[in-house]
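Coordinate analysis (summary)
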Amino acid sequence: LPGAALLAFRPHADSRGWFSRAYCRAQLKALGFDLDVVQANVSRSERRGTLRGLHYQLPPSAEAKLVRCLAGAIYDVVLDLRPHLPTFGRWFATRLDAHNAHAVLVPPGCAHGFLTLSEGVVVLYFVSKAYDPARERGIRYDDPFFAIRWPFPPILVSERDRSHPDFDPAYHLAA
């Protein structure tokens, strides 16, 4: 998906464990991404099978995110909701975990969500725009329009994430 990227940070390991950068604006700019971080969020999910998302914000509050799993493992999904691109409606998924030191860059105009693959998951998000409840939207994880393939059915989904309406451009894409 244009603007989305899987970033592999290289941990520096020694007898104590490892150290890795979580965010470096200069490195991202060198790759063509300008992620001006205005907020950092952390989520913790206790149970395997917890689904969070798929969340995004409409313009002018559309946000880019850099997502990294700090504990446990997740199946991370980016869904392209940019109708002007040929990749509209396509999705990308990858495993992020505490050991692979990878991160996903989610461009503005894309929805993001994840399913926990283990217990005790902690996810860190660097976000380019402040939370704007008036422009917040969500895509239901099982919306038939997008047919996202999850590794297994979610066990725990919030009422809010379960109740997103079926995809409707008038609602989901209107600013």
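To be clear, the structure that these remarks concern was listed above.
**Quick word on the packing of aromatic side chains**
- What the rule picks out here adds up to 8 aromatic pairs.
- Between Phe114 and Tyr125 the ring centres are 6.5 Å apart and the planes differ by 40°, which places this aromatic pair in the tilted class. Of this pair, Phe114 sits in strand β10 (residues 110–116) while Tyr125 sits in strand β11 (residues 121–127), and the two are 11 residues apart along the sequence.
- Under the relative-accessibility criterion, Tyr125 is labelled buried at 12%.
- Arranged with centres 5.0 Å apart and planes meeting at 70°, the rings of Phe146 and Phe167 form a pair that is edge-to-face. Of this pair, Phe146 sits in the loop between β12 (136–138) and β13 (156–157) while Phe167 is found in the loop between α2 (159–162) and α3 (169–172), placing the two residues 21 residues apart along the sequence.

**Comments concerning the pattern of salt bridges**
- Under the defined criterion, the tally for this structure stands at 12 salt bridges.
- A salt bridge links Arg135 to Asp132; its shortest N-O distance comes to 3.4 Å.
- You can call Arg135 partly exposed: its relative accessible area is 28%.
- Linked by salt bridges that have partners in common, Glu136, Arg160 and Asp161 make up one network.

**Focus on the side chain of Asp97**
- Mapped onto the elements, Asp97 comes out in strand β8 (residues 91–97).
- Its relative accessible area of 11% is what places Asp97 among the buried residues.
- Only 2.8 Å separates the side chain of Asp97 from the backbone nitrogen of His99, close enough to count as a polar contact.
- A polar side-chain atom of Asp97 sits 2.7 Å from the main-chain amide nitrogen of Asn100.
- Those residues in contact with Asp97 that sit more than four places away from it in its chain are Cys69, Gly72 and Ala73.

The rules behind these values
Residues numbered from 1 in each chain as written. Predicted model: local features only at pLDDT ≥ 70, side-chain atom pairs only at ≥ 80, totals over all residues. Heavy atoms only, no water. Phe/Tyr/Trp six-rings, centres within 6.5 Å; stacked < 30°, edge-to-face > 60°. Helix = DSSP H or I, 4+ residues; strand = E, 2+ residues; numbered from the N terminus. Buried < 20%, exposed > 50% of the residue type's maximum accessible area, 1.4 Å probe, protein only. Salt bridge = Lys/Arg side-chain N within 4 Å of Asp/Glu carboxyl O. Polar contact = N/O pair within 3.5 Å; in protein donor to acceptor, adjacent residues only side chain to side chain. Contact = heavy atoms within 4.5 Å.

Spatial relationships are all this shows, so hold off on functional conclusions.
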